[in-house]
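# Descriptive analysis of the structure
Read off the chains here:
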2 protein chains.
Amino acid sequence: MIQKLIEKIQKTKAPIVVGLDPMLNYIPEHIQKKAFAEYGETLEGAAEAIWQFNKEIIDKTWDLIPAVKPQIAMYEQFGIEGLKAFQKTVDYCHEKDLVVIGDIKRGDIGSTSAAYAAGHLGSVQVGSAVCRGFDEDFVTVNPYLGTDGVKPFVDVCKKEKKGLFILVKTSNPSSGEFQDRLVDGRPLYELVGEKVAQWGDECMGCSYSYVGAVVGATYPEMGKVLRKIMPKAYILVPGYGAQGGKGADLVHFFNEDGLGAIVNSSRGIIAAYKQEQYAKFGPERFGEASRAAVEDMIADIQGALENR
Amino acid sequence: MIQKLIEKIQKTKAPIVVGLDPMLNYIPEHIQKKAFAEYGETLEGAAEAIWQFNKEIIDKTWDLIPAVKPQIAMYEQFGIEGLKAFQKTVDYCHEKDLVVIGDIKRGDIGSTSAAYAAGHLGSVQVGSAVCRGFDEDFVTVNPYLGTDGVKPFVDVCKKEKKGLFILVKTSNPSSGEFQDRLVDGRPLYELVGEKVAQWGDECMGCSYSYVGAVVGATYPEMGKVLRKIMPKAYILVPGYGAQGGKGADLVHFFNEDGLGAIVNSSRGIIAAYKQEQYAKFGPERFGEASRAAVEDMIADIQGALENR
C-alpha cells in the first residue's frame, strides 16, 4: 500500500491528504435540514448529514488527491450510527480508488492491539469464514505502550501489505509536555522516532517502509531532525492550514527525492466555503470551495518544494 | 460516578472489575453454533455470540461486583456489528446498575478528544436535540498528547460527573520502553502520575477524584510509588491473574483507608471454565465457573488486604 500511496502522489503531484473530519457546524444547513427531515434530529440524522457532506467533498476532489484521512472520533461521537457513516466513507473512497488512512490513534497491550489491527487493517476468523471489519489502508497508532503494543499492527501490515503512521511528535500545543522531555539529553520523540525506524526496517514496501510516522506541521525544526532519524519512514504531517502550518515550513519533512511526506489538511479544505477566500462559492457549492482549497494547497506545497 | 463506584465497592466488599474482553475462542461452542445458525458465519454471527456470552456472565456475576470493563477493541475487531454488541453490553450492565468502565484508551488533539469524550461519556447536539452515544461511566485515556488531549475528557467528566482512568504505567512487558525512561533522573511514568494528580485536583468527587490512573498489577513496586504520587486518584489495576499479578502483590496499590484501587481480571474470569480449577463446570455452565472465579478473586484480594 505504501507503493500505491507513492504512485498516487506522483501521479497527482499532490503530497497531500484530505482530512475528512466533519463537525456538524461545518455542514451547510441545506444538508443538515434534508437529513433531519428524513431521519429526525437523531444520531441517525447526524450520521446521514455527515455522509452526504463527505460524499460531495469526495466527488469534487477525488481526482486531485491521492488519499483521505477520516478521523474516526468525529464519527464515533455519534455512536453506532456515526460509525456506519465512517464505514460508508471508507468504502466510497475505495470505490474512487483513494488510499484511506484511518486516523484512529489506537494502541494497547499485545492481544488488544491485535484486535484493533484485525478490525481496521486485517480480518477476523468467524467459524470457517474470514470477515473484514473497517478495512482501511493505513491507520495511525499511539506508541505509549512500546513495542508489544505496536508489533501486532506491524504483523498485520506485513501480511496485508498495508501501513501505519505512528505518533512521534503531535501537532497540538501541549504535545511537548511528555514528548519533548529529555531522556539522556535527547527528547523522547527522537527515541520514539528511532523505534519507528527499527520497526519499519523489517517491513520495507519499496524505498519506503510500511511503517510511517506522524510529525506535526507546527514543529518544523523537529520535523527536520526526525526526517534524518527515520529516513525510510513516510511522514504524515497534520497541522497544515487551520492549525498554523504553511507550505514553506514543510520542505524539510520531505526527502531529497521529493517524497517521504504527506501533508494533511482537514478544516481548511472541508470547511473552505466558510473562509473569506472561498466565500464566493457559498454554502450550496461547498464542494467546489473544497476543490479550490485543494488546488491552492497543492500549489503552495509544490511551490515550496520547487523553491527548496 | 466515583462516589457510586466507591459505594458499590464498599457494599460488595469487592474492589474488582470484570473485564468483558471476549475472544471468539473463549466462547463455548454451543453459543457460537446457535449464533452462527441464526446469523451465519458473519460479523453479525460473531457479535451475537459475544453478546450472548457476555449476557450469561453478567447474569451470573452482577450481584457480586461493582463494575465491568469492556475492552472496546474486542468488539471493534468485528466492525459495526461488534460495536453494536459493545453498546448492548454497556446498556445491559447499566440495567443491572453496574458501573461501566469503557476501556477505549483514546486520546488525541483537543477538538478530537472532545469528540471522543462526547461520544463515550457525554452528549452531542443534533439540531435542537441532545443525543447520547455509547454512554459509559468511565473511560481509559492515553496521555501521550499531553494536557490539551486530556482536558476535554476532564471537562466532560466535570459536567456529567463521570470519570477517567489515565494510562500511567501499563501492564505489558514492553511498557518500560518509553514509560520507564528517566527524565531528570525520574521515570516518565512518575511525571505522568504527577500530571494525573494535577488534572484530578480540579475535579474531586469526594475524597477521591474523577480522574484516576491505570497502573499494571505486574509492576507492584512502581504501584507503591505511584500510590503516593497520586493519593487521591483511584487506580485501575489490570494484569491480575492471566497476566501474572496476585492479590498479595497488590496491597500497595490501595490507600490506608482500604480504598483507592480496583483490580481488573478479564480472561481469568470470563474464560474460567477453561482452567483446570473450574473445569468441573464444563462449557455449558461457563457462567457459574465465572462466578466461582469472581468469588475466589475477591477472597484473594480481601485476604491480602487483611494481612497487609
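Each chain carries its own residue numbering, running from 1 in the direction its sequence is written. The naming scheme follows written order: chains are lettered A onward, ligands numbered 1 onward. Thresholds applied to this predicted model are a pLDDT of at least 70 for local features of residues and 80 or more for the giving and counting of side-chain atom pairs; totals over whole chains, interfaces and linings are not thresholded and use all residues. As a rule here, side-chain values come from all non-hydrogen atoms in the structure, and water together with hydrogens is ignored.

## Some details on the overall build of chain A
Runs of H or I in DSSP of at least four residues are treated as helices and runs of E of at least two as strands, each being numbered from the N terminus. If you tally the helices and strands in chain A, you get 12 helices and 12 strands. We compute the radius of gyration from the C-alpha atoms alone; for a globule the expected value is 2.2 Å times N to the 0.38, where N is the number of residues. Radius of gyration (C-alpha) of chain A: 19 Å, near the 19 Å computed for a compact globule of 308 residues. If one aligns the C-alpha atoms of chain A with their principal axes, the spans along those axes are about 60 × 55 × 35 Å. In chain A, which comprises 308 residues, the proportion classed as buried is 64%. A contact between two residues is defined here by any heavy atoms of the two lying within 4.5 Å. Within chain A, counting contacts between residues at least 6 apart in sequence, those at least 24 apart form 74% of the total. For the area figures, the Shrake-Rupley method with a 1.4 Å probe applies, and any residue is considered shielded solely by the protein chains shown. In the form shown here, chain A has an accessible surface area of approximately 10600 Å², with 50% of it arising from carbon and sulfur atoms. Distance between charge centres in chain A, computed from 35 positive and 41 negative side chains, equals 3 Å. Each residue is assigned to one of three classes by its accessible area relative to the maximum for its type, calculated with a 1.4 Å probe on protein chains only: buried under 20%, partly exposed between the two thresholds, exposed over 50%. Charged residues are defined narrowly, with Lys and Arg counted positive, Asp and Glu counted negative, and His plus the chain ends left uncounted. For this purpose, a charge sits on NZ of Lys, CZ of Arg, CG of Asp or CD of Glu.

## Brief notes about the packing of aromatic side chains
Note on ring pairs: Phe, Tyr and Trp rings are taken, using the six-membered ring of Trp, and paired if centres are within 6.5 Å. Classes follow the plane angle, with under 30 degrees stacked, over 60 edge-to-face and the rest tilted. If you walk through the whole model with that rule in mind, you get 14 aromatic pairs over all chains. Measuring from ring centre to ring centre gives 5.1 Å for Phe53 of chain B and Phe286 of chain B, while their planes differ by 20 degrees; the resulting arrangement is stacked. Taken together, the positions of Phe53 of chain B in helix 3 (residues 43–61) and Phe286 of chain B in helix 12 (residues 286–306) put the pair 233 residues apart, joining distant regions of the chain. Judged by its relative accessible area of 0%, Phe53 of chain B is buried. Accessibility expressed as a relative area gives 2% for Phe286 of chain B, which makes it buried. Three or more aromatic residues link up through ring pairs in this structure, and these residues are Phe53, Tyr273 and Phe286 of chain A. Directly above the ring of Tyr219 of chain A sits Lys169 of chain A, whose terminal nitrogen or CZ lies 4.1 Å from the centroid. Look at NZ for Lys and CZ for Arg. If either is within 6 Å of the ring centre and within 35 degrees of the ring normal, a charge sits over the ring.

## A closer look at the pattern of salt bridges
Salt bridge, as used here: a side-chain nitrogen of Lys or Arg that lies within 4 Å of a carboxyl oxygen of Asp or Glu. Under the counting rule described, the total for this entry stands at 50 salt bridges over all chains. We note a salt bridge from Asp103 of chain A to Lys105 of chain A, for which the minimum N-O separation is 2.9 Å. Look at Lys105 of chain A and you get buried, because its relative accessible area is 8%. The salt bridge partner of Asp180 of chain B is Lys169 of chain B, with a shortest N-O separation of 2.7 Å. A residue pair is termed long-range when its members are at least 10 positions apart, and Asp180 of chain B in the loop between helix 8 (176–179) and strand 8 (182–183) and Lys169 of chain B in strand 7 (residues 163–169) qualify at 11 residues. Each of Lys69, Asp103 and Lys105 of chain A together with Asp108 of chain B takes part in salt bridges that share partners, so that together they form one network.

## With respect to the sheet that holds strand 1 (residues 16–18) of chain A
Two strands are said to pair when DSSP picks up at least two bridges between them. Around the barrel, which closes on itself, the eight strands sit in the order 1-2-3-6-7-10-11-12 (chain A) with parallel pairing between neighbours. To get an axis, fit a line to the C-alpha atoms, keeping to the stretch in contact for a helix; angles then go from 0 to 180 degrees between the N-to-C directions. Along the sheet, helix 10 (residues 220–229) of chain A makes contact with strand 7 (163–169), strand 10 (211–215) and strand 11 (235–237) of chain A, crossing strand 7 of chain A at roughly 130 degrees.

## Regarding the UniProt feature "active site" (unreviewed entry) in chain A
Residues and elements named next belong to chain A. UniProt positions are given in the numbering used here, feature names are shortened, and annotations may be inferred rather than shown by experiment. Those residues carrying the UniProt feature "active site" (unreviewed entry) are Lys105 in this numbering. Assignment of secondary structure puts Lys105 in strand 3 (residues 99–106). Here a polar contact is taken to be a pair of N or O atoms separated by no more than 3.5 Å, where protein atoms must pair a possible hydrogen donor with a possible acceptor and residues adjacent in sequence count only if both atoms sit in side chains. Within the local environment of Lys105, its side chain forms a polar contact with the side chain of Asp103, the two groups lying 2.9 Å apart.

## Details of the relation of the copies chain A and chain B
Each copy of the sequence occupies a distinct position, and chain A is placed on chain B by a rotation of 180 degrees and an axial shift of 0.0 Å, giving an RMSD of 0.0 Å. Interpreted geometrically, this transformation is the action of a two-fold axis. For chain A, the minimum C-alpha distance to the rotation axis belongs to Val183 of chain A and amounts to 2.7 Å. Of the interface residues in chain A, 100% have counterparts in chain B that sit at the interface too, so the contact is made through matching surfaces. Copy-to-copy alignment: least squares on C-alpha atoms, limited to residues at pLDDT 70 or above in both.

## Topic: the interface of chain A and chain B
Listed per partner, the contact involves 72 residues of chain A and 72 residues of chain B. Note on definitions: buried area is the accessible-area loss of two parts on being combined, 1.4 Å probe, summed for both. For the pair chain A and chain B, the two sides together bury roughly 5700 Å², of which 63% comes from carbon and sulfur. In terms of surface lost to chain B, no three residues of chain A exceed Ile80, Tyr144 and Phe178 of chain A, which account for 15% of the buried area on that side. Across the contact surface, chain A and chain B share six salt bridges. The salt bridge involving Lys105 of chain A is made with Asp108 of chain B; its shortest N-O contact spans 2.9 Å. Take the side of chain A that touches chain B: its biggest share by element is seven residues, from helix 6 (residues 110–120) of chain A. Lys, Arg, Asp and Glu make up the charged group, whereas Ala, Val, Leu, Ile, Met, Phe, Trp, Tyr, Cys and Pro make up the nonpolar group; the residues left over, Gly among them, are polar. In terms of residue class, the side of chain A that touches chain B is built from 34 nonpolar, 25 polar and 13 charged.

## Some words on the pairing of strand 10 (residues 211–215) of chain B
As a general feature of sheets, a regular strand has side chains that alternate between the two faces. All names here are of chain B. Counting buried residues in strand 10 gives five out of five residues, a clear majority hidden from the surface. Where strand 7 meets strand 10, five bridges bridge the pair, whose relative direction is parallel. Of the residues in strand 10, the one forming a bridge with Ile166 is Ala213. Here, the term right-handed applies to a crossover whose path from the first strand over the helix to the second runs clockwise when the strands point away from the viewer. Between the parallel pair strand 10 and strand 11 (residues 235–237), the chain is carried across by helix 10 (residues 220–229), and the sense of this crossover is right-handed.

## Structural notes on the packing of helix 9 (residues 188–201) of chain B against helix 10 of chain B
Residues and elements named next belong to chain B. Closest axis-to-axis distance for the helix 9/helix 10 pair is 9 Å, and the angle between their directions is 30 degrees. Regarding the angle of helix 9 to helix 10, the classification is roughly parallel. In this structure, helix 9 crosses over helix 10, and the sense of that crossing is right-handed. Here Tyr189, Glu190, Gly193, Glu194 and Ala197 of helix 9 lie close against helix 10, whose contacting residues are Met222, Val225, Leu226 and Ile229. For the contact of helix 9 with helix 10, the class distribution of residues is six nonpolar, one polar and two charged. Between 65 and 115 degrees an angle is taken as roughly perpendicular, under 35 as roughly parallel, over 145 as roughly antiparallel, and anywhere else as oblique. Note on convention: the crossing is left-handed when the near helix lies turned anticlockwise from the far helix by less than a right angle, right-handed when the turn is clockwise.

## Here's the deal with the pairing of strand 3 of chain A
Residues and elements named next belong to chain A. Of all eight residues in strand 3, eight are buried, a share of seventy percent or more. Burial of strand 3 is two-sided: the residues Val99, Ile101, Asp103 and Lys105 facing one way and the residues Val100, Gly102, Ile104 and Arg106 facing the other way are all buried. The pairing of strand 2 (residues 67–68) with strand 3 spans two bridges and is parallel. In the strand pairing of strand 3, Val68 is matched with Val100. Examined bridge by bridge, strand 3 and strand 6 (residues 138–141) share three bridges and lie parallel to one another. Note on strand 6: the bridge partner recorded for Ile101 is Phe138.

## Considerations on the environment of Tyr210 of chain A
Residues and elements named next belong to chain A. Considering the arrangement of structural elements, one finds Tyr210 in the loop between helix 9 (188–201) and strand 10. Relative accessible area serves as the criterion here: at 6%, Tyr210 is assigned to the buried category. Sequence spacing of Tyr210 and Trp199 is 11 residues, and the spatial spacing of their C-alpha atoms is 9.4 Å.

## Regarding the nonpolar core
Counting residues in each nonpolar core, the largest one holds 244 residues, and the members touching the most others are Met230 of chain A together with Leu164 of chain B. Apart from the residues lying within four places of it in its own chain, the contact partners of Met230 of chain A are Val168, Gly193, Val196, Ala197, Ala213, Val215 and Ile235 of chain A. For our purposes a nonpolar core is just a set of buried Ala, Val, Leu, Ile, Met, Phe, Trp, Tyr and Cys residues, chained together by side-chain atoms within 4.5 Å.

## A closer look at the environment of Asp296 of chain A
All names here are of chain A. Considering the arrangement of structural elements, one finds Asp296 in helix 12 (residues 286–306). Assessed through its relative accessible area of 37%, Asp296 is described here as partly exposed. For Asp296 and Ile235, which are 61 residues apart along the polypeptide, the C-alpha to C-alpha distance reads 21 Å. Dropping the residues within four chain positions of it, Asp296 is found in contact with Gln277 and Tyr278. For Asp296, the side chain forms a polar contact with the side chain of Tyr278, separated by 2.6 Å.

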